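A look at the structure
Next come the chains, spelled out residue by residue.
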Amino acid sequence: MCGIVGYIGKKQAAPVLLDGLSKLEYRGYDSAGVAVLNPAGGIDIVKAKGRLKVLSDAIDGGKKLKGTCGIGHTRWATHGEPSENNAHPHCNDEKTIVAVHNGIIENYAELKAKLIRRGYGFYSQTDTEVATKLVDYYYKKYNDPLQAISQFALRVRGSYALAVMYKDFPETVFAIRKDSPMIIGVEKGESFLASDVPAILKYTKNVYYVDNLQIAKLEIGGVKFYNLDRDEVKNELVEITWDAEAAEKGGYEHFMLKEIHEQPRVITDTFNYVYKNGEIDFSEVGLSDGILKYVKGIVIVGCGSAYHAGMVMQYVTEDLARVPVRVELASEYRYRNPVTNGELVIVISQSGETADSLAALRSAKEKGLKTLAIVNVLGSSIAREADFVFYTKAGPEISVATTKAYSAQLVAGYLLAIKLASVRGTITQDYCKTLLDELCSLPEKVAALLENKHLIQKFASETMDKKDVFFVGRGTDYAACIEGSLKLKEISYIHSEAYAAGELKHGTISLIENGTLVFGVLTQPDLIEKTVSNLVETQSRGALTAAIATEGVKLPDVGFEKVFSIPHTDVHFTTSLAAIPMQLFAYYLSVLRGNDVDKPRNLAKSVTVE
Ligand code: AGP
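Just so you know, these numbers come straight off a predicted model, no measurement behind them.

Describing the site of the ligand
- Close to the ligand lie 14 residues, the nearest being Ser 349, Gln 350, Ser 351, Thr 354 and Glu 490.
- Here an oxygen atom of the ligand sits 3.1 Å away from a polar atom, N or O, in the main chain of Ser 305.
- Compared with its free state, where it exposes 410 Å², the ligand has 91% of that area covered by protein.
- Of all the secondary-structure elements, those providing two or more residues to the shell around the ligand are helix H9 (304–321) and helix H16 (476–492).

Here it is in structure tokens:
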């Protein structure tokens with residue numbers, strides 16, 4: 001996944017492009033580059049391997065490049081290793097056409113061979129250079145910038161958010177997208193293009209979400225949109241409610257810590273999105289009571305933390321609504337040939353752009369199944385293609401490791417389960433009200449937990465040399481463990497395993513050695529003793545054990561190193577509280593180990609490739 005930006009206006013373009021790219025570094029950061037149409041009518045291209053700062057220093061913060069029209073790119077390599085040569089922008093041999101791209105051209109090899117047969121040479125290993133030269137090929141053939149892009153779109157397979165500049169059109173940026181995100185902003189005659197909102201929020205809140213296969217033409221004074229037949233089409237201008245500060249760190253050292261602390265507000269906002277006049281109102285989601293009343297089953301698909309949220313949703317929905325629920329990894333579901341029975345397929349995705357989740361959505365639709373997206377990014381591909389959409393209200397989540405969006409997904413899942421149970425009459429209206437009242441109290445309970453973050457920080461400093469950390473639990477506690485383990489792995493780089501507590505003895509307990517740290521999540525009253533027994537089994541093999549448990553619940557005295565208490569809540573919602581100490585534990589360990597918390601190695605915020 002990469003980040004692209006574009007600008008045409010009255011300002012010098014290079015500093016605007018660098019500023020936008022700095023807000024997109026979470027999307028990719030192994031190399032970067034900018035191209036600016038200079039006052040002499042030529043195209044200046046500067047690229048650099050490494051973080052964006054390397055590029056910025058090379059052009060003195062943009063001062064060395066003159067011109068008011070440009071495009072830029074920050075890369076997370078998919079084709080060709082990170083290098084200056086493979087960095088974008090890419091250009092044709094005459095340097096009269098230049099482009100940046102986020103996505104994957106799946107038939108690039110075939111197209112490259114075709115272009116080589118027509119005399120083209122290649123300087124890089126990237127699919128983007130092929131894309132750029134294909135545009136060049138069609139521009140030479142039709143002598144029309146729109147038609148060149150249209151022909152490109154008709155010829156390639158794959159995903160792209162492509163921005164192109166032609167030397168022959170010095171005050172114009174052209175762009176097209178398919179399955180990769182792109183937004184276009186306008187403000188006082190200036191036009192901005194970016195992969196994501198934070199890159200342009202500083203300049204405008206007025207944006208267009210570009211539809212798949214729409215061509216955009218950004219000029220001084222405004223933007224025009226065209227279909228592949230080059231007919232002009234209208235696009236709706238949307239006002240972004242986020243503010244630039246929301247996309248900044250807000251005084252916290254890292255986005256992740258800021259986003260962890262935003263969780264009380266996020267839970268409130270996501271709850272209030274559908275909780276109106278004392279009941280759950282899904283009219284904005286589009287899900288009618290009729291669908292909920294008669295749906296025969298639910299399949300939840302997602303990747304990573306989204307999948308983990310789906311695991312919690314499965315337990316809660318089956319228990320409350322008595323509807324069969326399956327949870328599947330999107331990357332598996334998309335290739336399975338499942339037996340369907342009119343299920344509602346729920347796709348959970350923070351970014352709404354995860355390739356496997358988008359493919360799973362399409363697979364479900366091909367089978368004639370109704371689809372609900374639980375996504376955080378307005379206008380994202382998954383949101384646009386699903387039949388129904390539940391927007392989580394987490395706001396921009398910048399840190400690669402998700403926290404607030406995961407919490408919002410949990411709340412969305414609780415609300416769906418309660419609504420289903422209420423419509424199907426599997427819970428009383430009194431219990432429904434009790435559950436909703438309890439959901440209302442979650443934010444203050446999360447806030448109370450955050451007040452004690454120093455206890456987690458201390459424990460992290462005492463355990464920072466651990467080589468292996470295990471998390472075990474039963475029921476929703478097991479689902480919480482899997483998420484806690486992923487958080488730890490992805491930002492601290494410490495090896496971790498999460499296990500259903502009853503499963504540990506079926507092999508993996510052989511990994512427990514003297515000093516291995518084992519967390520037990522113990523929030524399900526009926527299951528606490530069983531899980532404590534499993535923890536004692538690990539202690540007998542030398543493990544140090546810590547517990548995350550509901551305050552006031554007496555735990556067997558088995559010699560836990562540490563017990564982290566969480567406030568009491570309904571058994572269905574405990575994951576929302578148990579997640580907090582595990583998020584903080586991962587965060588503080590990552591900081592203690594000197595890692596780049598918000599941009600962990602090898603990871604991208606949204607995996608828009610397979
Ligand atoms: C979570 O911390 C990870 N960054 C990752 O597992 C993520 O949840 C996964 O890639 C799914 O992303 P999505 O929610 O944007 O689809």
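More follows now that the structure is in view.
A look at the sheet that holds strand E15 (residues 237–239)
- Strand order across the open sheet formed by 8 strands is E3-E2-E4-E1-E10-E9-E11-E15, with antiparallel pairing between neighbours. The open sheet has two edge strands with one neighbour each: strand E3 (43–49) and E15. Going across the sheet, the axis of each strand differs from the next one's by a mean of 20°, ignoring polarity.

Examining the side chain of Ser 363
- By secondary structure assignment, the location of Ser 363 is in helix H11 (residues 355–366).
- Judged by its relative accessible area of 7%, Ser 363 falls in the buried class.
- A distance of 3.1 Å separates a polar atom in the side chain of Ser 363 from a polar atom in the side chain of Lys 367.
- With residues near it in sequence (within four places) discarded, Ser 363 still touches Tyr 333 and Arg 334.

Some details on the sheet that holds strand E6 (residues 97–105)
- As summarised here, the arrangement of the 7 strands in space is E5-E6-E7-E8-E12-E13-E14, forming an open sheet in which the pairing is antiparallel. Taken across any chain shown, the strands that pair with only one partner, and hence form the sheet edges, are strand E5 (90–91) and strand E14 (232–233).
- Across the sheet, helix H5 (residues 145–155) lies against E6, strand E7 (158–166), strand E8 (172–178), strand E12 (215–219) and strand E13 (222–226), angled at about 165° from E7, the strand it touches most.

A closer look at unusual backbone geometry
- Cis geometry is found at the peptide bond from His 88 to Pro 89, where omega equals 5°.
- Mapped onto the elements of the fold, Pro 89 is located in the loop between strand E4 (69–75) and E5.
- Its identity as a non-glycine residue notwithstanding, Asp 60 has a phi of 55°, on the positive side.
- Relative to the helices and strands, Asp 60 resides in the loop between helix H2 (52–58) and E4.
- Look at Asp 60 and you get partly exposed, because its relative accessible area is 38%.
- For Asn 277, which is not a glycine, the phi torsion comes out positive at approximately 55°.
- Along the chain, the position of Asn 277 falls in the loop between strand E16 (275–276) and strand E17 (279–280).

Examining the pattern of salt bridges
- Scanning the model with the defined rule gives 34 salt bridges in all.
- Two residues, Glu 110 and Arg 155, come together in a salt bridge whose shortest N-O distance is 3.0 Å. Taken as a pair, Glu 110 in helix H3 (residues 108–117) and Arg 155 in helix H5 lie far apart in primary sequence, 45 residues in all.
- Looking at Glu 110, the relative accessible area reads 38%, which means it is partly exposed.
- On the accessibility criterion, Arg 155 (28% relative accessible area) is partly exposed.
- Across the pair Lys 433 and Asp 437 runs a salt bridge, and its minimum N-O distance is 2.7 Å. Taken together, the residues span about one helical turn, with Lys 433 and Asp 437 both in helix H14 (residues 429–451) at a distance of 4 residues.

Describing the packing of aromatic side chains
- Taken as a whole, this structure holds 20 aromatic pairs when the rule is applied.
- Ring plane angle 75° and centroid distance 5.2 Å describe the contact between Tyr 273 and Phe 390, whose orientation is recorded as edge-to-face. Remark: Phe 390 occurs in strand E22 (residues 388–391) and Tyr 273 occurs in helix H7 (residues 263–274); sequence separation between them is 117 residues.
- Residue Tyr 273 is classed as buried on the basis of its relative accessible area of 7%.
- Measuring from centroid to centroid gives 4.7 Å for Tyr 414 and Phe 573, while their planes differ by 45°, and the two rings are tilted. In this pair, Tyr 414 is assigned in helix H13 (residues 404–424) and Phe 573 in the loop between strand E27 (562–566) and helix H18 (574–592), connecting sequence segments 159 residues apart.

Some thoughts on the environment of Arg 593
- Among the structural elements, Arg 593 can be located in the segment after H18.
- Aside from chain neighbours lying at most four places away, what touches Arg 593 is Met 464, Lys 466, Ser 492 and Ile 494.
- Here Met 464 takes part through its backbone oxygen, which lies 3.1 Å from a polar atom of the side chain of Arg 593.

The rules we used
- Residues numbered from 1 in each chain as written.
- Predicted model: local features only at pLDDT ≥ 70, side-chain atom pairs only at ≥ 80, totals over all residues.
- Heavy atoms only, no water.
- Near = heavy atom within 4 Å.
- Polar contact = N/O pair within 3.5 Å; in protein donor to acceptor, adjacent residues only side chain to side chain.
- Areas by Shrake-Rupley, 256 points an atom, 1.4 Å probe, with all protein chains shown as cover.
- Helix = DSSP H or I, 4+ residues; strand = E, 2+ residues; numbered from the N terminus.
- Pairing = 2+ DSSP bridges.
- Axes fitted to C-alpha atoms, helices over the stretch in contact; angles between N-to-C directions.
- Buried < 20%, exposed > 50% of the residue type's maximum accessible area, 1.4 Å probe, protein only.
- Contact = heavy atoms within 4.5 Å.
- Salt bridge = Lys/Arg side-chain N within 4 Å of Asp/Glu carboxyl O.
- Phe/Tyr/Trp six-rings, centres within 6.5 Å; stacked < 30°, edge-to-face > 60°.

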